[in-house]
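Residues per chain, in single letters:
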Amino acid sequence: MRQLRSAAVSEWLLFKAKFVKRKTKNNFLYDSLNMSSKGVIPSTVNPDLQKERNAASFSSEEFAAWWEGGADKLKFKRSVKEYMYKDIDRAEYAQLHYKSHEDMCEFAVKSSINVAKKLRQLQLERNPGGNEYWPTLFEEPEMWGLHLAGNPFGVMYVMVVKALKAQCTPEQYEEFGKRVERFEVTAAYAQTELGHGTYLRGLETRADFDRDTDEFVLNTPTISSYKWWPGGLGHSSNYSLVMAQLYIDGELKGPHLFYVQVREEDTFEPRPGVHIGEIGKKMGFLGVNNGFLGMKNVRIPRNRMMMRHAQVLRDGSYVKSPVDALTYFTMVSTRCIIARKVAMLLTTAAIIATRYSAVRRQSPIDPKLPEPQIIDHVTQQLKVFPEIATCVAFRLASDYLWDLFNVTTKDIDQGKYERLPELHALSCALKVIASSDSTEGIDRLRLACGGHGYLASANLANLYASASAAITYEGENTVLLLQIGRFLMKSWRAAQSGAPLAPTASYLADVQRNPEFGAWTGSWENLVKAMQFAAANKTRIAFNSLAKRLASGESEEVAFNHTGIELAQAAELHSRAFVLHSFLSEITGPKSTTRSPALNRVLEQLLELYLVNVTLKNMSNILRVVHLTDADLCQLQARLETALTNLRPEAVTIVDGFDFCDDQLSSTLGSFDGNAYERIFDAALKSPMNRKSVPKSFYEHLGPFMKSNI
């Protein structure tokens, strides 16, 4: 037996020696392939992509100026990108996918701080004392290509600083809020717990007021009460805003925000009583350093509770906020931000998939002709073009939402709170459908890119992971739909009594006054009206179901739960009616006179595609309120196909007009030059696995195993 083993070892050593000799001979082949980027990627634009640009009927520059809100804003953002991306280490970014989890988190901190330094410098050079560069642009889409691993400090400016400004008294903000804004300290926003998320009243973290010391004592009494998920909390923050249940003399006052130091400023070690760390690797946001936080008898001064609206006085007296919703106002602003940014994730994917569809050739339509660009296949157009239209629809709806947010904020400063319910409902509505539609759309666009869309270097998987997270963070979508449902129930009841309704819900009163839809014309206004009638009908059904359950003796809470499916359906239709209406109003309203006929024509084509496509997708609800013949349905299908045909020569120029640079896209498939195959190949050659022609595992495992049977 020993002799057989010895013979096998000798055979293996001989085999290894021969292979090493062969490997040396083959090094020339490997080295010739492992060429520089300059050698692999042409310096010219793919002719198919250039042909698309030449064929467009409008100017991508005019589209880009409209998209950014004016030529001056476009010029500003381009100058920022030129400054920020001009000297980055692209080779290091290209290796990001191969880093360990710890190295990814370290790189995220390094790259984010580099972005902060450059933006500060840019602010100093161009407008000292201003804030249009720093910190305003720190987490904006223009910087996404520099935050490829994620930004562990993004939440600090997206949520924490805004929350401090909205919830602090002027004295509090002067004392500790400005330190966060100036990045003298770092701060997270700790609300979600291991056992509770969207349902804030269920949070278990508690803050008890101690009269003797004029302090709050914070505790997370159970494992489920640990704060869980806050971005940057793990190892990147030394302070945190903490949402906790306020108790005074054992009496619950509800959830309030507290400013808590969690790490020492000089050593960054956790503070006494603080248990803090990172929650581990996730689908996406790989370097964002999401963390957990447990507290045991952590004491903070009384003035570390946010006291702009509600106060605890020195003697323990509690002054209630004039409106409970003000405690959660930061969540409203955050949902407005999410809706806009998740739509930009879809925009990124649409650019990638559209350009790739123009340069990929496959599957002859006519067997006698060469393989066409896959963008010529109508089925490919149906995968890609509606997503382009959706990007525009969500952008315009988001603009409306931000205008409402700004007006409401000014009203709150003057003690007026009438707009809050509508703003809350709309922020929920747009966050829900923007995150869900964008997630589904990005995956559809990934599939439209075939197998290559599955590559990490395509960046579509990363976009999908980022978008899908938005479905559950800052308000899980189903819970938000149910909140919209409550708003609709109140609105329907108000319409019945003749009370005024919020502008975006006023159609409910119109339908109650005139319940017959009237003639079907198929006009754009008609399509929007059809969606409003469908939403009103589903609201009516949910209202009657709820009333019936209440009449049968069910409590309000139980009745709402049993009516949840219909409430969520009504809420989704209401959300879609809002987006359709805002799209139509922007494209056909007074602003259209400021645009060229060519740009108006392509925007109207996008509007037509979006309205018809969404109408067809929701036809089961529309048919309950609108009488449509088979001929009407066939006509809608024909309009859909015509809309795709009309957009075919414009698609590439439209996505060019979204004005993303290659560094923002970070995609081998979607570059401006269209050299997708060369970039895919170049990225593959840079894989660490290709640094050796033979991996170590061959010598240690594969080779010996195969030879063991000889």
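Just so it is clear, the structure is predicted and the values come from calculations on it, not from any experiment.

Parameters and conventions
- Residues numbered from 1 in each chain as written.
- Predicted model: local features only at pLDDT ≥ 70, side-chain atom pairs only at ≥ 80, totals over all residues.
- Heavy atoms only, no water.
- Helix = DSSP H or I, 4+ residues; strand = E, 2+ residues; numbered from the N terminus.
- Rg over C-alpha atoms; globule rule 2.2 N^0.38 Å.
- Buried < 20%, exposed > 50% of the residue type's maximum accessible area, 1.4 Å probe, protein only.
- Areas by Shrake-Rupley, 256 points an atom, 1.4 Å probe, with all protein chains shown as cover.
- Lys, Arg positive; Asp, Glu negative; His and termini not counted.
- Charge placed at Lys NZ, Arg CZ, Asp CG, Glu CD.
- pLDDT = per-residue confidence, 0-100.
- Contact = heavy atoms within 4.5 Å.
- Salt bridge = Lys/Arg side-chain N within 4 Å of Asp/Glu carboxyl O.
- Axes fitted to C-alpha atoms, helices over the stretch in contact; angles between N-to-C directions.
- Parallel < 35°, antiparallel > 145°, perpendicular 65-115°, else oblique.
- Left-handed = near helix turned anticlockwise from the far one by under 90°.
- Nonpolar A, V, L, I, M, F, W, Y, C, P; charged D, E, K, R; others polar.
- Phe/Tyr/Trp six-rings, centres within 6.5 Å; stacked < 30°, edge-to-face > 60°.
- Lys NZ or Arg CZ within 6 Å of the ring centre and 35° of its normal.
- Pairing = 2+ DSSP bridges.
- Expected span 1.5 Å × (residues − 1).
- Patch = residues over 30% accessible without salt bridge, like charges linked within 9 Å, V, L, I, M, F, W, Y side chains within 5 Å.
- Polar contact = N/O pair within 3.5 Å; in protein donor to acceptor, adjacent residues only side chain to side chain.
- Core = buried A, V, L, I, M, F, W, Y, C linked by side-chain atoms within 4.5 Å.

## Side note on the overall build of the protein chain
When its secondary structure is counted, the protein chain shows 25 helices and 11 strands. The C-alpha atoms of the protein chain give a radius of gyration of 29 Å, which matches the 27 Å a tight globule of 710 residues would have. For the protein chain, buried positions account for 53% of its 710 residues. Counting every atom, the protein chain has about 32,400 Å² of accessible surface; 55% of that belongs to carbon and sulfur. The positive charge centre, built from 83 side chains, and the negative charge centre, built from 79, are 5 Å apart in the protein chain.

## Thoughts on the confidence of the model for the protein chain
When pLDDT is averaged across the protein chain, the result is 93; 95% of the residues are at 70 or more. This model gives residues 1–37 a pLDDT under 50, and the stretch forms 26 contacts once residues within four places in sequence are excluded.

## Thoughts on the pattern of salt bridges
A full pass over the atoms with the stated rule returns 43 salt bridges. The salt bridge partner of R419 is D411, with a shortest N-O separation of 2.6 Å. Each of the salt bridges in this network shares a partner with another, and the network as a whole consists of E61, R78, K81 and D659.

## Quick look at the packing of helix α5 (residues 71–85) against helix α7 (residues 101–126)
For any two helices packed against each other, one specifies the crossing angle of their axes together with the interaxial distance. At a minimum axis distance of 10 Å, the contact between α5 and α7 shows a crossing angle of 125°. By the angle between their axes, α5 is oblique relative to α7. Considering how the two elements wind past one another, α5 and α7 form a crossing that is right-handed. Judged by residue contacts, S79, V80, Y83, M84 and Y85 of α5 engage V115, K118, L119, Q121, L122, E125 and R126 from α7. Its residues assigned to classes, the contact of α5 with α7 comprises 7 nonpolar, 2 polar and 3 charged.

## Brief notes about the packing of aromatic side chains
Scanning all chains against the criterion turns up 29 aromatic pairs. Ring geometry for F583 versus Y610: centroids 5.7 Å apart, planes at 55°, classification tilted. Taken together, the positions of F583 in helix α18 (residues 564–588) and Y610 in helix α19 (residues 597–617) put the pair 27 residues apart, joining distant regions of the chain. The pair F583 / Y610 is uniform in exposure class, with both members buried. Above the ring of F672, the side-chain terminus of R53 is found at 3.7 Å from the ring centroid. A cation over a ring is seen here: R486 above F560, with NZ or CZ 3.9 Å from the ring centre.

## Some details on the sheet that holds strand β8 (residues 291–295)
Within the open sheet, the 3 strands sit side by side as β4-β8-β7. Their pairing is antiparallel. Every other strand in the sheet has two partners, leaving β4 (227–228) and β7 (274–278) as the edge strands with one partner each. Bridging between β4 and β8 involves 2 bridges; their strand directions are antiparallel. Paired with K227 across the two strands is L293, which belongs to β8.

## Thoughts on unusual backbone geometry
The peptide bond linking W134 to P135 adopts the cis configuration, its omega dihedral lying at 0°. You can see P135 is positioned in the loop between α7 and α8 (154–167). Unusually for a residue other than glycine, D249 sits at a positive phi of about 55°. Relative to the elements of secondary structure, D249 occurs in the loop between β5 (239–248) and β6 (251–261). Although it is not a glycine, F285 sits at a positive phi angle of roughly 45°. If you trace the backbone, F285 turns up in the loop between β7 and β8.

## Quick notes on α18
Between its first and last C-alpha atoms α18 spans 36 Å; for 25 residues at 1.5 Å apiece the expected length is 36 Å, and the two agree. The element α18 is extensively covered by neighbouring structure, given that 18 of its 25 residues are classed as buried.

## A closer look at a positive patch on the surface
On the surface, a cluster of positive charge is made up of R201, R486, K490 and R493. Here R201 shows up in the loop between β1 (187–190) and β2 (206–210).

## Brief notes about the pairing of β2
Bridging between β2 and strand β3 (residues 215–219) involves 5 bridges; their strand directions are antiparallel. Looking at β3, one finds that D208 is bridged to V217. What sits between the antiparallel neighbours β2 and β3 is a turn of 4 residues, in which D214 has the positive phi angle 60°. Bridging between β2 and β5 involves 3 bridges; their strand directions are parallel. Bridge assignment links A207 to a residue of β5, and that residue is L246.

## Side note on the packing of helix α16 (residues 524–551) against α18
Between α16 and α18, whose axes approach to 8 Å, the crossing angle comes to 160°. Of the possible angle classes, the one that applies to α16 and α18 is roughly antiparallel. In the crossing of α16 with α18, the sense of the turn from one axis to the other is left-handed. Partitioning the contact of α16 with α18 into residue classes produces 14 nonpolar, 7 polar and 5 charged.

## Digging into the environment of S398
With respect to the helices and strands, S398 occurs in helix α11 (residues 378–413). Judged by its relative accessible area of 1%, S398 falls in the buried class. Residues S398 and S582, 184 residues apart in the sequence, show an inter-C-alpha distance of 9.2 Å. Beyond its immediate stretch of four places on either side in the chain, S398 contacts C336, R340 and L430. Separated by 3.2 Å, the side chains of S398 and R340 make a polar contact.

## Some words on the nonpolar core
Among the nonpolar cores identified, the biggest contains 181 residues, and F63, L164, I388, L606 and F658 are the most heavily contacted of them. Among the elements that line this core, the one with the most residues is helix α10 (residues 329–359), at 20 residues. Among all residues touching L606, those that are not within four sequence positions of it are F63, I388, A389, V392, F583, L647 and I654. If you look at the next biggest cluster of nonpolar residues, it comprises 24 residues, including A207, F209, V262 and M307.

## A look at the pairing of β5
Counting buried positions along β5 yields 10 of 10 residues, so the element is predominantly enclosed. Bridge analysis of β1 against β5 gives 4 bridges, and the strand direction is parallel. Bridging across to β5, A190 finds its partner in V242. For β5 and β6, the ladder comprises 10 bridges, and the chain directions are antiparallel. Residue pairing in the sheet places S240 in a bridge with V260 of β6.

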